[in-house]
Structure formats: structure tokens, C-alpha cells
Amino acid sequence: MFFFDSVVRVRAGTKTDRGGNTSPDWSPGAVDRLTVSELNIQPASQTESTDPTRTAVVTGWRVQSAPGTAPDIRAVDRIEWRGMTLEPDGEVAEWSDPLDGSTHHIEFVMKRATG
């Protein structure tokens, strides 16, 4: 009933440099995209800081999945929502069902920094 929002989870591929080290590859052909629905997204925070050269604004939204769902979203992913690209702020929390211990839902905060 309250879980009508959807996002696109964007996960980086990997690339290997000449030294054999792997790093995230955010190029369009390397990323994995997954539409995640049955979410409730609500405003969570907004902070603003200024200095002589810019005004920085960080806005956050709390995301909760519907009961019985555990979408594949990680702290290292990016989230596309309403024309914005956002990042999870911290780890994605899995909440356990108190009756059987299975995952009841997930929650995380996503943020956008501008300025």
C-alpha cells in the first residue's frame, strides 16, 4: 500500500589495469542496471554549507522495501530516482522477521550532494 516507489540500481562493473589491479568501471557498457520496485521513499535530511566559492547542499531520503522483500542493493551501488543519481549513505540494513529470522525488509539512506 505504501510501497509504490521504484528506483534503478546501478552497479559498477570491474576493469583491470596494467598492474593487474581491479577497480570499479562506471562506463555505460560496464554497469549492471536493475529496476527495483515496492519501495517507500521519504525525505530524511538536508544540510547546507557555504564558503566563498560555493554553496554545498546534501539531501537525503530514507528507503524501505516492502515486507517480505530484500532487493539486491549494496552500499557501493548508485541509485537513479526521479532524474537524479544518488548514493547509499552507509550500509544497507537487513531487518529480520521476528517470527522466523528471515529477512523482513531492507532500509537505507540515499543522498545527493550538489554545489
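All values reported here derive from a predicted model rather than from experimental measurement. (Residues numbered from 1 in each chain as written. Predicted model: local features only at pLDDT ≥ 70, side-chain atom pairs only at ≥ 80, totals over all residues. Heavy atoms only, no water.)

A.B. asks: Describe the environment of Phe 2, with residues and values.
C.D. replies: Topologically, Phe 2 is positioned in the segment before strand S1 (5–11). Separated by 76 residues in the primary sequence, Phe 2 and Arg 78 place their C-alpha atoms 23 Å from one another. Every residue in contact with Phe 2, bar those within four places of it in the chain, is listed here: Leu 39 and Asn 40. (Helix = DSSP H or I, 4+ residues; strand = E, 2+ residues; numbered from the N terminus. Contact = heavy atoms within 4.5 Å.)

A.B. asks: Outline the pairing of strand S4 (residues 32–51), listing residues and values.
C.D. replies: Bridge count between S1 and S4: six bridges; the pairing is antiparallel. Each residue of the ladder has a partner; that of Arg 11, found in S4, is Asp 32. Direction of pairing for S4 relative to strand S5 (residues 54–65): antiparallel, over a ladder of twelve bridges. What sits directly across from Ser 45, in S5, is Gly 60. Turn length for the S4-S5 hairpin, with the two strands adjacent in sequence and antiparallel, is two residues. (Pairing = 2+ DSSP bridges.)

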